[in-house]
Amino acid sequence: MTEFDPAPTSDDTQRRWQTGTDTFGRVYDVVLGVTSPTAYTEIAELADCSPNAAKKHLDRLAEMSIARADRDSRPATYERNEGYLEWQDASRIATELPIEAIIDRVEALEAQRTEYEAQFETTDPTAVNVFDHDSHETIHERMTAVSEWQGVIRDIRLYELARQLSQNDGHLIPA
Amino acid sequence: MSQPPKDPAPHSTGPPDRQTLRLLERHLSSDSLVAETAFDPDSYEPRLLRGLLDAGRYPDTVTAARLDIRWFTTGDFSVHYVEEHEDGERWECRWDRHPNTHNTRLHFHKPPTATEITDLELPSLHPLEVYSTVLTAIEQRIETLWSSQ
């Protein structure tokens with residue numbers, strides 16, 4: 001049996017995710033995976049389009065608040081707009097879940113947080129040493145646990161925002 | 001010439017990257033190799049993305065195959081591929097990126113048991129590019145399984 005290749009290089013490799021999408025769709029998907037300021041020329045390369053087309057679509061996505069633009073930098077850079085996407089998540093929860101379910105989830109998440117705090121004997125997940133272990137499995141187990149713990153803390157804030165939105169009939173500020 | 005200063009190795013990790021997990025779910029669910037996708041614990045709190053691969057694409061000796069994806073806000077990730085075989089054996093491997101004391105941050109846990117680890121290089125660390133590489137590798141694995149029948 002031929003040996004398994006974890007990083008096959010074929011033209012198809014880079015393009016698998018692109019099938020069936022137009023240029024705007026590709027630029028949109030690329031920027032959703034971009035978490036630090038990235039030159040539009042680089043985004044164009046990932047989205048397999050011309051730099052001009054990428055810039056046009058990125059500016060539109062920035063107008064829609066999905067992307068954040070830094071047009072003063074040369075070349076202009078873009079990244080996804082974390083704050084807007086978080087608000088979208090909270091808004092979806094507020095729309096889809098009844099307020100009682102939101103309150104129940106916050107309680108369940110707070111109980112999970114307490115369990116993690118007892119397990120790691122601290123209230124600060126960033127204080128837990130995750131990677132400095134010889135056993136790879138240990139690193140992996142700790143990485144998963146501490147990441148989920150951080151996820152729990154973040155989700156509590158997200159549900160708090162959703163509760164506020166829900167109580168104000170979808171508005172951030174009471175009428 | 002002196003080496004450029006290394007980034008101080010982070011000693012902890014970030015929460016799951018919700019947006020990237022959602023993006024990957026959207027693409028996985030429309031991929032011809034994938035039968036079903038699910039978030040763990042659920043779609044409101046995505047921490048782990050599961051992709052159930054279409055068993056119909058495999059020879060009968062493989063009873064099930066799946067992909068478990070974790071993605072962290074630090075850009076680290078773990079993509080775990082598992083095949084269940086008729087004889088009860090598992091065939092698995094893992095594409096990982098995270099700091100550790102013995103390999104490069106980006107590394108690969110080799111099949112069939114995922115215990116042997118080797119350094120790995122990828123053309124891009126963008127989630128969609130990593131996704132494409134992994135799915136293409138799995139497609140080649142399925143071809144190998146058929147040709148060894």
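Relevant structure appears above.
Residues numbered from 1 in each chain as written. Chains lettered and ligands numbered in written order. Predicted model: local features only at pLDDT ≥ 70, side-chain atom pairs only at ≥ 80, totals over all residues. Heavy atoms only, no water.

### A short note on the packing of aromatic side chains
Inference 1: Here the structure, examined in full by the defined rule, presents 10 aromatic pairs over all chains.
Inference 2: Ring plane angle 80° and centroid distance 5.4 Å describe the contact between Phe4 of chain A and Trp91 of chain B, whose orientation is recorded as edge-to-face. With one member in each of two chains, Phe4 of chain A in the segment before helix H1 (11-15) and Trp91 of chain B in strand E5 (residues 90-97) form a pair that bridges those chains.
Inference 3: Residue classification places Phe4 of chain A among the buried residues on the basis of a relative accessible area of 13%.
Inference 4: What makes Trp91 of chain B buried here is its relative accessible area of 13%. (Phe/Tyr/Trp six-rings, centres within 6.5 Å; stacked < 30°, edge-to-face > 60°. Helix = DSSP H or I, 4+ residues; strand = E, 2+ residues; numbered from the N terminus. Buried < 20%, exposed > 50% of the residue type's maximum accessible area, 1.4 Å probe, protein only.)

### Here we look at the pairing of strand E2 (residues 67-70) of chain A
Inference 1: Across four bridges, E2 of chain A lies against strand E3 (residues 77-80) of chain A in antiparallel orientation. Residue pairing in the sheet places Ala67 of chain A in a bridge with Arg80 of chain A of E3 of chain A. (Pairing = 2+ DSSP bridges.)

### Examining the sheet that holds strand E7 (residues 117-119) of chain B
All names here are of chain B.
Inference 1: One open sheet holds the seven strands; their spatial order is E1-E2-E3-E4-E5-E6-E7, and the pairing between them is antiparallel. In this open sheet, the two strands that pair with only one neighbour each are strand E1 (34-42) and E7. Averaged over all neighbouring strand pairs, the angle between strand axes comes to 15°, with direction disregarded.
Inference 2: Sheet topology places E1 next to strand E2 (residues 45-53); eight bridges connect them, and they run antiparallel. Looking at the pairing, Phe39 lines up with Leu49 of E2.
Inference 3: Sitting on the sheet, helix H2 (residues 127-147) is in contact with E2, strand E3 (62-71), strand E4 (77-85) and E5, with an inclination near 20° to E4. (Axes fitted to C-alpha atoms, helices over the stretch in contact; angles between N-to-C directions. Contact = heavy atoms within 4.5 Å.)

### Topic: the interface of chain B and chain A
Inference 1: At the junction of the two partners, chain B supplies 64 residues and chain A supplies 59 residues.
Inference 2: Considering only the surface of chain B that becomes buried against chain A, Gln19, Tyr44 and Arg47 of chain B emerge as the three largest contributors, covering 14% of it.
Inference 3: The tally of links between chain B and chain A comes to 13 salt bridges.
Inference 4: Across the salt bridge formed by Asp155 of chain A and Arg47 of chain B, the nearest N and O atoms sit 3.6 Å from each other.
Inference 5: Where chain B meets chain A, there are 36 residue pairs in polar contact (both at pLDDT 80 or more).
Inference 6: Ranked by residues supplied to the side of chain B that touches chain A, first place goes to H2 of chain B with 13 residues.
Inference 7: Considering only residue class, the side of chain B that touches chain A consists of 22 nonpolar, 25 polar and 17 charged. (Buried area = accessible area lost by both parts, 1.4 Å probe. Salt bridge = Lys/Arg side-chain N within 4 Å of Asp/Glu carboxyl O. Polar contact = N/O pair within 3.5 Å; in protein donor to acceptor, adjacent residues only side chain to side chain. Nonpolar A, V, L, I, M, F, W, Y, C, P; charged D, E, K, R; others polar.)

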